[in-house]
There are 4 protein chains.
Amino acid sequence: MPKMGMKPVRRGQLIGATIQTIGELGFADASVIKIAKRAGVSPGIVHHYFADKNALLEAAMRDLLSQLRQSVIKRLDLASTPMERLHAVIDGNFAAEQFHTTTVAAWLAFWAQAIHNPALRRLRLINASRLRSNLRHEMKALVHPDRVSNATFSLAALIDGLWLNAALSSQTIDAGHLSAIARNHLGTLLTPPPPPPIPSLEHAHA
Amino acid sequence: MPKMGMKPVRRGQLIGATIQTIGELGFADASVIKIAKRAGVSPGIVHHYFADKNALLEAAMRDLLSQLRQSVIKRLDLASTPMERLHAVIDGNFAAEQFHTTTVAAWLAFWAQAIHNPALRRLRLINASRLRSNLRHEMKALVHPDRVSNATFSLAALIDGLWLNAALSSQTIDAGHLSAIARNHLGTLLTPPPPPPIPSLEHAHA
Amino acid sequence: MPKMGMKPVRRGQLIGATIQTIGELGFADASVIKIAKRAGVSPGIVHHYFADKNALLEAAMRDLLSQLRQSVIKRLDLASTPMERLHAVIDGNFAAEQFHTTTVAAWLAFWAQAIHNPALRRLRLINASRLRSNLRHEMKALVHPDRVSNATFSLAALIDGLWLNAALSSQTIDAGHLSAIARNHLGTLLTPPPPPPIPSLEHAHA
Amino acid sequence: MPKMGMKPVRRGQLIGATIQTIGELGFADASVIKIAKRAGVSPGIVHHYFADKNALLEAAMRDLLSQLRQSVIKRLDLASTPMERLHAVIDGNFAAEQFHTTTVAAWLAFWAQAIHNPALRRLRLINASRLRSNLRHEMKALVHPDRVSNATFSLAALIDGLWLNAALSSQTIDAGHLSAIARNHLGTLLTPPPPPPIPSLEHAHA
DNA sequence: AATGAATGAGAATTCATTCAT
DNA sequence: AATGAATGAATTCTCATTCAT
């Protein structure tokens, strides 16, 4: 009698092993054989649960995105004001569990590969537009309509940039610090720009 | 004697072909054979000019970094005030020639791979610290000493984040727009945060 | 489940094919592809059973050595006196099955390569010291202690030399003849050297 | 004006580099490029002085054989009695200059390869028969006609075996010791076998 | 459900050789 | 005479995938 319902278990094992392997070795060196070995299963079984390597990669990226989304949603549920909701998005993106070295490296690998892989690209687009949509919705309540688009774009870029710097840095990541910087940036987006302090600087902007 | 002075020519061809190939196919699918084919030479000749694939990749990344640096330096030479110099750094990073689709994709691929490849990692670190050092030096002239570090970190992250978004976006990149956003962010870093304008917003911060 | 227990079968096939191929083509021309072809398997499978080419070569040499050892041990089991045991060692080394042309050629190839390959070198050293130890132990019972070392060295060298001449000769090998020569040499080692027959010859030795 | 008569010089350089390279790396790893590099010339020039790699290898082996022959001939010129001449052959084979590690390793490599390479095989056969012929001629003056053949064969084999052991040994080679063992063996070949010392041993011989 | 045997393509790299200069 | 650029084949090894069991 076969073990029942192994499907989700095995899939989870393989997805986890995929993220780990990509995070540790990079996309180019993450072979099915290595992933299977890390998952503690035979290489043959991978194709029993996933159509091909691409399907496995897609599932892995979907898992990463889903974890991130959960991290944000969890915090959104506790927020009530627009500002709180924006902080929730920021903090959700910088949640501690998102910063394990291998996970961050896997993220970057997926981003790089998504340029060339349509399935991954689609996943990333869906996620990115969802994030933008979240941000934009709250921004509308806080900034002038003319500035919503830029403010959203700017905050989203800063979040990504902070993440990227963390991914590439060899130092341990202080998620709180990243969050604070993003919150601070958000603060400046909300307030009207102060009058130019000194003429010379104003000149420099031109 | 053989055709003299082919070395720099071939090396340049191969480096260009490498960046193109990585940009189009991604790191994982950029094989020496494909690179050689794109450069219009035989696969064997690659190892006549580069010790191994890694040396070729390193040279390609070095080339990308060098182009970026030139782009910044060119603008720094025309700048005189600290603010102008910061704008030079921003604009240099967002120069039009830096935004060809394949080039940007190659950049991302190198960043992702740099996590796992010591030689690439070293190159990236050198470049990153040079950028930081440039920014920090000018920041010191413009913001309170206590805020130099954070301001530098924040601006550098935003530059990277804007770049990353451009890299991943399928839309054509408007470098001027990215520059404007970064300049605007820089503006907010320089000025002291204004007093909370209205109580309701203050409440939203809580 | 896959075809079970293929491991020892395939390994045996591949080892046999390796010895055959090296024996026929020499070390330099024995490629993994040719070996696989001779074994009737695909080139890829070789690395499923052996870590790399070196491991395959090592296994092949180990096999040759083991066959030789068995040939000696089989005869040692039937011997009772020291002299019989020495003859067993000689005859074991010159057993007919050790003289198939390809096998002898493989032996020579391995010896030559062992100089440059640490793993093969180690195998050869283990085997050589085992042979010496066997010989020395029996020699102790038959010759004066002062002469054990030289007698052992001399007999071992003669065995190797006879083998080598056979290996390089294009004529069919008469193992019995080689054995007889070695036994004869052994006989001279056992007896005290006769007094110098004529002074002039003694002088020539000096 | 081109340098005149470079031909023998370059050929000599290349032959020396070939022997060195084969001795250090083995036959399989001695490529034309490596040989040229060691000789301090470009890889292209090799084919200006030698038809192909095989011709270079053949010339190198011919050089080794010639050196050995010179070593013997030099000593033969000083010898007058048959025994002295046999000693000259032995000592010539074990001359110190023949025992540089790389040279001995090159010898072994050539022997192994000679099995598969007709040109090398021919060279080796010519040399071997010359050595045999030398030995046999002198043996005829010293031993009973019925034993000339075996005595020659035995002595030649011992010389080769001692050499082989030296080649494979990691220890420094004591050429004098090898010479002494061969001379001693020769001594036993010349004298009539003594009467059996004890019946039991005689029985063991049967 | 699961194994691991097996394949054949493709990877990086090295090679002997040729050739324009 | 000599260089080193250039080729295309061959090398070892890894890969995704299939399949009998």
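What you are looking at is a predicted structure, and each value in this text was computed from that prediction instead of being measured.

## Quick notes on the packing of aromatic side chains
We describe a pair of aromatic rings using the distance from one ring centre to the other and the angle between the two ring planes.
All names here are of chain C.
Phase 1: Within the structure shown, the criterion is met by 21 aromatic pairs over all chains.
Phase 2: Ring geometry for Phe27 versus Phe110: centroids 5.8 Å apart, planes at 85°, classification edge-to-face. Here Phe27, found in the loop between α1 (6-25) and α2 (32-39), pairs with Phe110, found in helix α6 (residues 101-114); they are 83 residues apart in sequence, far enough to count as distant. The pair Phe27 / Phe110 is uniform in exposure class, with both members buried.
Phase 3: Feature note: the residues Phe94, Phe99, Trp107, Trp111 and Trp163 constitute an aromatic cluster, connected by ring pairs.

## Remarks on the interface of chain D and chain C
Phase 1: Of the residues lining the interface, 45 residues belong to chain D; the matching set on chain C comes to 48 residues.
Phase 2: Of the roughly 4000 Å² buried at the junction of chain D and chain C (both faces included), carbon and sulfur atoms supply 67%.
Phase 3: Per-residue buried area on chain D facing chain C is highest for His116, Asn165 and Leu168 of chain D; these three make up 15% of the total on that side.
Phase 4: If you look at where chain D meets chain C, you find 0 salt bridges.
Phase 5: Counting the contacts that link chain D with chain C gives 13 residue pairs in polar contact (both at pLDDT 80 or more).

## What to know about the confidence of the model for chain A
Phase 1: Chain-level pLDDT for chain A is 88 on average; 89% of the residues reach the 70-or-more range.
Phase 2: Across chain A, helix α2 (residues 32-39) of chain A holds the top mean pLDDT of 96, while helix α10 (residues 199-205) of chain A sits lowest at 38.

## Observations regarding the environment of Leu142 of chain A
Residues and elements named next belong to chain A.
Phase 1: Of note, Leu142 is situated in the loop between α7 (118-139) and α8 (145-168).
Phase 2: Residue classification places Leu142 among the buried residues on the basis of a relative accessible area of 15%.
Phase 3: When the C-alpha positions of Leu142 and Pro82 are compared, they lie 7.4 Å apart, and in sequence the two are 60 residues distant.

## Structural notes on the relation of the copies chain B and chain A
Phase 1: If you rotate chain B by 180° and push it 0.0 Å along the axis, it lands on chain A with an RMSD of 0.1 Å. The symmetry that links the two subunits is that of a two-fold axis. Closest approach to the rotation axis among the C-alpha atoms of chain B is made by Gly161 of chain B, whose C-alpha sits 1.7 Å away.
Phase 2: The share of interface residues of chain B whose copies in chain A are also at the interface is 94%, consistent with both copies meeting through the same surface.

## So, the packing of α7 of chain A against α8 of chain A
Residue and element names in this part refer to chain A.
Phase 1: Between α7 and α8, the least distance of the axes is 9 Å, while the angle of their chain directions is 135°. With respect to α8, the element α7 is oriented oblique. Helix-helix and strand crossings are classified by hand; for α7 and α8 the assignment is right-handed. In this structure, α7 uses Arg132, Leu135, Arg136 and Met139 to contact α8, whose residues at the interface are Val148, Ala151, Thr152, Phe153, Leu155 and Ala156.
Phase 2: Its residues assigned to classes, the contact of α7 with α8 comprises 7 nonpolar, 1 polar and 2 charged.

## Description of the side chain of Ser154 of chain B
Phase 1: Locating Ser154 of chain B in the fold gives a position in helix α8 (residues 145-168).
Phase 2: In this structure the side chain of Ser154 of chain B is engaged in a polar contact, spanning 2.7 Å, whose partner is the side chain of His185 of chain B.
Phase 3: In contact with Ser154 of chain B, not counting residues within four places along its chain, are Leu158 and Ile181 of chain A together with His185 and Leu189 of chain B.

## Describing the pattern of salt bridges
Phase 1: Considering all chains together, one arrives at 16 salt bridges over all chains under this definition.
Phase 2: The partner of Glu138 of chain B in a salt bridge is Arg85 of chain B, and the shortest N-O contact between them spans 3.0 Å. A residue pair is termed long-range when its members are at least 10 positions apart, and Glu138 of chain B in helix α7 (residues 118-140) and Arg85 of chain B in helix α5 (residues 82-93) qualify at 53 residues.
Phase 3: On the basis of relative accessible area, Arg85 of chain B is assigned to the partly exposed category, the value being 26%.
Phase 4: When the shortest N-O distance is used, the salt bridge between Glu58 of chain C and Arg62 of chain C registers 2.8 Å. Remark: Arg62 of chain C and Glu58 of chain C occur in helix α4 (residues 53-76); sequence separation between them is 4 residues, near one turn of the helix.

## Digging into empty space enclosed by the protein
Phase 1: Tallying each qualifying case throughout the model produces 7 cavities of 30 Å³ or more.
Phase 2: Approximately 140 Å³ is the volume attributed to the largest cavity.
Phase 3: Together, 14 residues line the largest cavity, and Trp111, Asn127, Ala128, Leu131 and Asp160 of chain C are the ones closest to its centre.
Phase 4: Sorting the residues of the lining of the largest cavity by element identifies α6, α7 (118-139) and α8 (145-168) of chain C together with α8 (145-168) of chain D as the ones contributing at least two each.
Phase 5: The leading source of residues in the lining of the largest cavity is α7 of chain C, at 5 residues.
Phase 6: Counted by class, the lining of the largest cavity contains 8 nonpolar, 3 polar and 3 charged residues.

Definitions and cut-offs
Residues numbered from 1 in each chain as written. Chains lettered and ligands numbered in written order. Predicted model: local features only at pLDDT ≥ 70, side-chain atom pairs only at ≥ 80, totals over all residues. Heavy atoms only, no water. Phe/Tyr/Trp six-rings, centres within 6.5 Å; stacked < 30°, edge-to-face > 60°. Helix = DSSP H or I, 4+ residues; strand = E, 2+ residues; numbered from the N terminus. Buried < 20%, exposed > 50% of the residue type's maximum accessible area, 1.4 Å probe, protein only. Contact = heavy atoms within 4.5 Å. Buried area = accessible area lost by both parts, 1.4 Å probe. Salt bridge = Lys/Arg side-chain N within 4 Å of Asp/Glu carboxyl O. Polar contact = N/O pair within 3.5 Å; in protein donor to acceptor, adjacent residues only side chain to side chain. pLDDT = per-residue confidence, 0-100. Least-squares fit on C-alpha atoms with pLDDT ≥ 70 in both. Axes fitted to C-alpha atoms, helices over the stretch in contact; angles between N-to-C directions. Parallel < 35°, antiparallel > 145°, perpendicular 65-115°, else oblique. Left-handed = near helix turned anticlockwise from the far one by under 90°. Nonpolar A, V, L, I, M, F, W, Y, C, P; charged D, E, K, R; others polar. 1 Å grid on protein atoms, 1.4 Å probe; cavity = no way out; pocket = protein on both sides within 12 Å on 5 of 7 lines; lining within 4 Å. Points joined across faces, edges and corners; volume = space filled by probe spheres on them.

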